[in-house]
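Residues per chain are reported as follows:
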Number of protein chains: 2
Amino acid sequence: MLFFTEAMRFYRIFALLFIFTLFFMADFNINILGCGSALPTTRHLASSQVVDLRDKLYMIDCGEGTQLQMRRMRIKFSRLTHIFISHLHGDHCFGLPGLISTLGMLGRNGDLVIHAPKEIEEYMLPILKVFCKGLSYIVRFNPIDPTSYTLIMEDRSVAVYSIPLKHRIPTCGFLFAEKPKEPHIIKEMTDFYEVPVRWMKEIKQGKDYITPEGEVIANSRLIRPATPPKRYAYCSDTAYYPAIIPYIEGVNLLYHEATFTEKELKRAKETFHSTAAQAAAIARDAHVKQLVIGHYSARYDYTDELLKEANLIYPGTIVATEGMVLSL
Amino acid sequence: MLFFTEAMRFYRIFALLFIFTLFFMADFNINILGCGSALPTTRHLASSQVVDLRDKLYMIDCGEGTQLQMRRMRIKFSRLTHIFISHLHGDHCFGLPGLISTLGMLGRNGDLVIHAPKEIEEYMLPILKVFCKGLSYIVRFNPIDPTSYTLIMEDRSVAVYSIPLKHRIPTCGFLFAEKPKEPHIIKEMTDFYEVPVRWMKEIKQGKDYITPEGEVIANSRLIRPATPPKRYAYCSDTAYYPAIIPYIEGVNLLYHEATFTEKELKRAKETFHSTAAQAAAIARDAHVKQLVIGHYSARYDYTDELLKEANLIYPGTIVATEGMVLSL
């Protein structure tokens, strides 16, 4: 009996190590840098997130204090290549000037692309002129149309689409759709059939292998399919807006703003924000796999009420906090 | 014997209470909100201070994160009336847009005056245009000449002067010279001589009192002089620049930047910053009553070396930290 208990303890360590390794192997993580709303509190920071996908970093929103929060969370400045700004309210973009300056001081070379509604240039160009003379890298602006669902940017790993939201000023969310990964070659099989290297690319693309003797080896015997691509949707700031559902249907993770509880429904409508219940309703109706809420009004000392409300409609809702890392 | 020990303990409480009360009665306090330099660290925040003088708040510099630090230090937003910006480097002014927006959200009415080198308008006007439509109060800019010692602003409590500094771009420090307070009327004496109320103003201004019988009562018998007015000098950012000494001679408190230690003297010269030893030399040569250093380079994990270096030249140097309140 004692032996079994000891053995269990021993193997439990491996189980934990396995989970731990899986977590760090995950190559699609969302870092929550700030999830408060406009009025500063000592509990939350202004909006900012960093999507960490296959070793590249994509920032969503950049409220005041974002660069400091990157330092605290040990997020590498050098890996950041694209910044997506949802709308031109200060709590979503007042961290840009500081971050851009710091990247310059750190000797950055590669371009930084800022995808944002077109007013971004009116805001940022004078700042770059006054503060960033002789910057070591180029800041490029990609004006986006926040009123339509459009492909904004794509690279080898991801395609990013705008999701039109309903706020006081033109605002969009972002859908990060991971590109399909290549299937894995089953080495034992290709070794067995002595498949030449020049065939590998085509096999990965789905072709069967034909041996010199003319035997057809079905593609499915040579490859193991990759894990299916994942999707992350960021929706902040917005009123309750079911029109977004088709764009976010079935995503692996949805971040939806939940500025108020239902008690403040009137205020939510006036300010074009959502309640926690509304965020949960969107998540439920879009059949998303996981919901995380944020952008809490400064009036809430604790997020208990928001969570309770969301959980009634979408059980298992996550309440975002600064420093949280969510793995897809 | 036991009686005396007990009595001493008892009276010691009053002694402590007295010191405590004096501290909170002090009506000229310097709040250190941030005392780091340009590169963000988890140890220090960008430059900002709030001078709290006779119930009014005057801010000096406003680096990114200043509004959040005000919340943390429970500094009342509504009491802030003037902001002084030393120079247009981001770590001294990137907190302005967020603070101005927040003051608007809090329903401010009174004007806010920003005293700064003239480039401030090129930086801030586009931001006000994009982000502050319908702001509930007026932001006024007072362009100052950072190359001369000039009176920038005065009210009933204080006169603020620019102190020309030596930095990579036009930069000035600020001298806060408290206005003399009115002397205190000695009530026992004015009651004794039955001085009519209409005389009080003139007596406070230094006049003798003449009784109806023609007897002259010397002014010095009727009043107790007020505590002498105090002065605070803020000098950041600057290379070692003894030309400032006449302006800061004998001030009650000098904040002088100390970005580097003497080991980095070359770097200090190149970047137009000071070493801790240079800050201390300025304090010693200007016979200031107290020195506080700040604006530490991100390379220093601890301030021990900076303090050691300064103390060799100006014993009793204070090392600024975020959250510190210094009473003059």
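Quick summary incoming for the structure in this document. (Residues numbered from 1 in each chain as written. Chains lettered and ligands numbered in written order. Predicted model: local features only at pLDDT ≥ 70, side-chain atom pairs only at ≥ 80, totals over all residues. Heavy atoms only, no water.)

With that out of the way, let us pick up the interface of chain B and chain A. A common way to express how large an interface is: the accessible area buried when the components associate. Across the boundary between the two partners, chain B contributes 33 residues, which contact 33 residues of chain A. Note on chain B versus chain A: buried area summed over both sides is about 2700 Å², and carbon and sulfur give 72% of it. Counting the surface chain B buries against chain A, the share from its top three residues, E64, F94 and F131 of chain B, is 24%. Joining chain B to chain A, the criterion identifies two salt bridges. (Contact = heavy atoms within 4.5 Å. Buried area = accessible area lost by both parts, 1.4 Å probe. Salt bridge = Lys/Arg side-chain N within 4 Å of Asp/Glu carboxyl O.)

Residues and elements named next belong to chain A. Taken as a whole and assessed by the stated rule, the structure comprises 22 aromatic pairs over all chains. Taken together, Y58, F84, F174 and F176 form an aromatic cluster joined through their ring pairs. In this arrangement the basic side chain of R108 is found over the ring face of Y137, its NZ or CZ atom lying 5.4 Å from the centre. (Phe/Tyr/Trp six-rings, centres within 6.5 Å; stacked < 30°, edge-to-face > 60°. Lys NZ or Arg CZ within 6 Å of the ring centre and 35° of its normal.)

For the rest of this paragraph, the subject is the sheet that holds strand β18 (residues 325-327) of chain B. Residues and elements named next belong to chain B. As summarised here, the arrangement of the seven strands in space is β6-β5-β4-β3-β2-β1-β18, forming an open sheet in which the pairing is mixed. Because the sheet does not close on itself, it has two edges, and the strands there are β6 (139-144) and β18. Pairs of neighbouring strands in the sheet enclose a mean axial angle of 20°, with direction left out of account. Sheet analysis places strand β5 (residues 112-117) next to β6, joined by six bridges and oriented parallel. Its bridge partner lying in β6, L112 is registered against V139. With respect to the sheet, helix α3 (residues 96-105) is in contact with β3 (56-62), β4 (80-84), β5 and β6, its orientation differing from that of β5 by roughly 170°. Where helix α4 (residues 120-131) meets the sheet, it contacts β5 and β6, and its direction lies at approximately 165° from that of β6. (Pairing = 2+ DSSP bridges. Helix = DSSP H or I, 4+ residues; strand = E, 2+ residues; numbered from the N terminus. Axes fitted to C-alpha atoms, helices over the stretch in contact; angles between N-to-C directions.)

This part covers the pairing of strand β1 (residues 28-34) of chain A. Residues and elements named next belong to chain A. For β1, the buried fraction is high: seven of the seven residues fall into the buried class. In the sheet, β1 pairs with strand β2 (residues 48-53) via six bridges, with the strands oriented antiparallel. Residue pairing for β2: F28 is matched across the bridge by L53. Relative to strand β18 (residues 325-327), β1 is paired through three bridges, and the arrangement is antiparallel. Among the inter-strand pairings, I30 is bridged to a residue of β18, identified as L326. (Buried < 20%, exposed > 50% of the residue type's maximum accessible area, 1.4 Å probe, protein only.)

Let us look at the side chain of T238 of chain A. All names here are of chain A. Along the polypeptide, T238 turns up in the loop between β14 (231-235) and α8 (245-248). Overall, the relative accessible area of 0% leaves T238 in the buried class. At 3.1 Å, the side chain of T238 and the backbone nitrogen of K166 are in polar contact. Sequence-distant contacts of T238, that is, excluding residues within four places in its chain, are made with L165, K166, H167, H256, E257, F272, H273 and S274. (Polar contact = N/O pair within 3.5 Å; in protein donor to acceptor, adjacent residues only side chain to side chain.)

Looking now at the sheet that holds strand β17 (residues 318-319) of chain B. Residue and element names in this part refer to chain B. Across the sheet, seven strands lie side by side as β7-β8-β9-β14-β15-β16-β17; this open sheet has mixed pairing. Looking at which strands have only one partner, the edges of the open sheet turn out to be β7 (151-154) and β17. Across three bridges, β7 lies against strand β8 (residues 158-164) in antiparallel orientation. Its bridge partner being in β8, E154 is matched across the sheet by A159. Contacting β15 (253-257) and β16 (291-294), helix α10 (residues 276-285) crosses the sheet at an angle of about 155° to β15.

Looking at the element boundaries, T317 of chain A is found in the loop between α11 (304-313) and β17 (318-319). A distance of 2.6 Å separates a polar side-chain atom of T317 of chain A from the backbone oxygen of Y314 of chain A.

A few words on the pattern of salt bridges. All names here are of chain A. A full pass over the atoms with the stated rule returns 36 salt bridges over all chains. The partner of R79 in a salt bridge is D52, and the shortest N-O contact between them spans 2.7 Å. Of this pair, R79 sits in the loop between α2 (66-72) and β4 (80-84) while D52 is found in strand β2, placing the two residues 27 residues apart along the sequence. According to the relative accessible area criterion, D52 is buried, its value standing at 17%.

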